[in-house]
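One letter stands for each residue in the lines below.
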Amino acid sequence: MTGPVVLDIAGTALAPDERERLRHPNAGLVILFARNYEDPRQLAELTRAIHALRDPPLTIAVDHEGGRVQRFRDGFTTIAAMRELGVQWRHDVLGACARARSTGYVIGAELRACGVDLSFAPVLDLDWARSDVIGARAIDRDPRVVAMLAGHLMHGLALAGMANCGKHFPGHGWASADSHRELPVDERSLDDILANDAAPYGWLGIGLAAVMPAHVVYPQVDALPAGFSRRWIEEILRGRLGFSGAVFSDDLSMSGAHVAGDVVARAEAALAAGCDFALVCNDRGAADRVLEQLRWTPGAASGARRERILPRGEALSRDALPADPRYRQALADLGPVHAMDDRAPIA
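Residues numbered from 1 in each chain as written. Predicted model: local features only at pLDDT ≥ 70, side-chain atom pairs only at ≥ 80, totals over all residues. Heavy atoms only, no water.

Draft legend 1. Expanded view of the nonpolar core. Core analysis: the largest hydrophobic core is formed by 87 residues, its most contacted members being L32, I50, F72, L149 and W232. Setting aside anything within four residues of it in sequence, one finds W232 in contact with F169, P170, L190, I193, Y218, V221, D222, A226 and L237. Counting 18 residues, the second-largest nonpolar core is a separate cluster that includes I31, L118, C165 and A210. (Core = buried A, V, L, I, M, F, W, Y, C linked by side-chain atoms within 4.5 Å. Buried < 20%, exposed > 50% of the residue type's maximum accessible area, 1.4 Å probe, protein only. Contact = heavy atoms within 4.5 Å.)

Right, dumping it as structure tokens:
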């Protein structure tokens, strides 16, 4: 089994020191960003090089939700902000469901054709119109609409052989602060959160392969942010809601994670709380400290959960995609992309 640490790389090709870093026993997954992308050919070469480093190969992931959060653009289909699905639902329920499913298929098929194994999607946060960092990334205010459309998007991903990762449990839509820069606080009760923001996680059930908790404190439930809280992860997510997949910490370099101590302490706290993976991004020194100092032995249950995120079946090649009837129909279902969100892309 590979390790629990999720790492990034600096550029569009692997440097020698990065090859050694990714061979470390504690390394378990690679996350790519916009800086790692030039075009589909370069991306395919990079993913082949990463996969060749280990046996079994490291899993490669990316944030590719659409709207502001789409790391690869030129050469990829532009995916609209997820709020568009919720808007369409209001006047065309079946069309919105078909579009959500086709969106998932296009995301999964195009990423897998370039060797990317997993997208951290869908966003399950509710659109409370309070959080700028979520904004149009949220599908809708109604948790029932979010669950229905996210379920169809997940179906599309699955048709392309890709797993999914719902985020940000139990919900980042109410707290207004940006966890990239500060620690958000959500003062609502557990009953209120479970009835609203966390409801899609229970309704989607075994269809969810992975979940990413929020760097948000819910003080009426626990003094710790959800990603460091055994109450949220083990007692509520896995126990009360019956979730059986993998849990990724959000990036431990974000300001919202600093409450747990230095970066090694953050990784240890996330894993002790029930996470299966700990993300350490955009800080090479921090990543090296975690790789060298982290002591972690996965149990059999964690191994089974981690299997859930692996791709399934053979991926279509870039050359084969345009002739694939399912892909062509999916593109037609997506329709035009509208500029619903004029904020700058999230790095």
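So that's the structure; there's more coming.
Draft legend 2. Spatial organisation of helix α8 (residues 230–240). Taken together, the buried positions of α8 are occupied by W232, I233, I236, L237 and R238. Viewed along the axis of α8, the buried residues span an arc of 165°, placing them on a single side of the element. Facing away from the buried side of α8 by over 90 degrees, the exposed positions are G239 and R240. With a side-chain oxygen lying 3.3 Å from the backbone nitrogen of R231, the N-terminal cap of α8 falls on S229. Immediately beyond the C-terminal end of α8, within one or two residues, lies G242, with a positive phi of roughly 75°. (Helix = DSSP H or I, 4+ residues; strand = E, 2+ residues; numbered from the N terminus. Arc of directions from axis to C-beta. Polar contact = N/O pair within 3.5 Å; in protein donor to acceptor, adjacent residues only side chain to side chain.)

Draft legend 3. Focus on the pattern of salt bridges. This model, assessed by the stated rule, comprises 19 salt bridges. We note a salt bridge from R188 to D186, for which the minimum N-O separation is 2.7 Å. Since its relative accessible area comes to 0%, D186 is described here as buried. Across the pair D197 and R188 runs a salt bridge whose closest N-O atoms are separated by 2.8 Å. A network of salt bridges, in which partner residues are shared, links D63, E65, R71, R137 and K167. (Salt bridge = Lys/Arg side-chain N within 4 Å of Asp/Glu carboxyl O.)

Draft legend 4. Quick look at the sheet that holds strand β1 (residues 5–7). Spatially, the five strands line up as an open sheet ordered β6-β3-β2-β1-β12, and their pairing is parallel. Whereas interior strands pair on both sides, the edge strands pair on one side only; in this sheet they are β6 (118–119) and β12 (278–280). Packed onto the sheet, helix α10 (residues 284–293) meets β1, β2 (27–32) and β12 and runs at close to 155° relative to β1. (Pairing = 2+ DSSP bridges. Axes fitted to C-alpha atoms, helices over the stretch in contact; angles between N-to-C directions.)

Draft legend 5. Representation of the sheet that holds strand β11 (residues 246–247) in the model. Judged by pairing direction, the sheet is parallel, and its three strands sit side by side in the order β7-β8-β11 without closing on themselves. The sheet is open, and its two edges are formed by β7 (166–169) and β11, each paired on a single side.

Draft legend 6. View of the packing of aromatic side chains. Enumeration according to the criterion identifies nine aromatic pairs in this entry. Ring centres of Y37 and F76 lie 5.7 Å apart, and the angle between their planes is 75°; this geometry places the pair in the edge-to-face category. Here Y37 is found in the loop between β2 and α2 (40–51), whereas its partner F76 is found in the loop between β5 (69–70) and α3 (83–89), with 39 residues between them in sequence. Judged by relative accessible area, which is 11%, Y37 ranks as buried. The interplanar angle of 85° and the centroid separation of 5.8 Å between the aromatic rings of F169 and W232 together place this pair among those described as edge-to-face. Remark: W232 occurs in helix α8 and F169 occurs in strand β7; sequence separation between them is 63 residues. A relative accessible area of 0% means that F169 is categorised as buried. Of the aromatic side chains, those joined through ring pairs into one cluster are F169, Y201, Y218 and W232. We note R141 situated over the ring of W128; from NZ or CZ to the ring centre the distance is 3.6 Å. Positioned above the aromatic ring of F76 is the side chain of R318, whose terminal nitrogen or guanidinium carbon lies 5.5 Å from the ring centre. (Phe/Tyr/Trp six-rings, centres within 6.5 Å; stacked < 30°, edge-to-face > 60°. Lys NZ or Arg CZ within 6 Å of the ring centre and 35° of its normal.)

Draft legend 7. Quick peek at unusual backbone geometry. Cis peptide bonds are those with omega within 30 degrees of zero, and the linkage from K167 to H168 qualifies with 5°. Inspection of the secondary structure assignment puts H168 in strand β7. Look at A129: it is not a glycine, yet its phi comes out positive at around 60°. With respect to the element layout, A129 can be found in the loop between β6 and α5 (143–159). The phi dihedral of N282 falls on the positive side, at around 60°, and the residue is not glycine.

Draft legend 8. View of the environment of D191. Take D191: it is sitting in helix α6 (residues 190–195). Counting along the chain gives 30 residues from D191 to V221, while the straight-line C-alpha distance between them is 9.8 Å.

Draft legend 9. The arrangement of the side chain of R306 in detail. By secondary structure assignment, the location of R306 is in helix α11 (residues 300–307). With no salt bridge to any partner, buried R306 finds its closest opposite charge in D276, at an N-O distance of 6.2 Å. At 3.1 Å, the side chain of R306 forms a polar contact with the backbone oxygen of G3. Excluding residues that lie within four positions of it along the chain, R306 makes contacts with M1, T2, G3, P4, A246, D276, F277 and W296. (Lys, Arg positive; Asp, Glu negative; His and termini not counted.)

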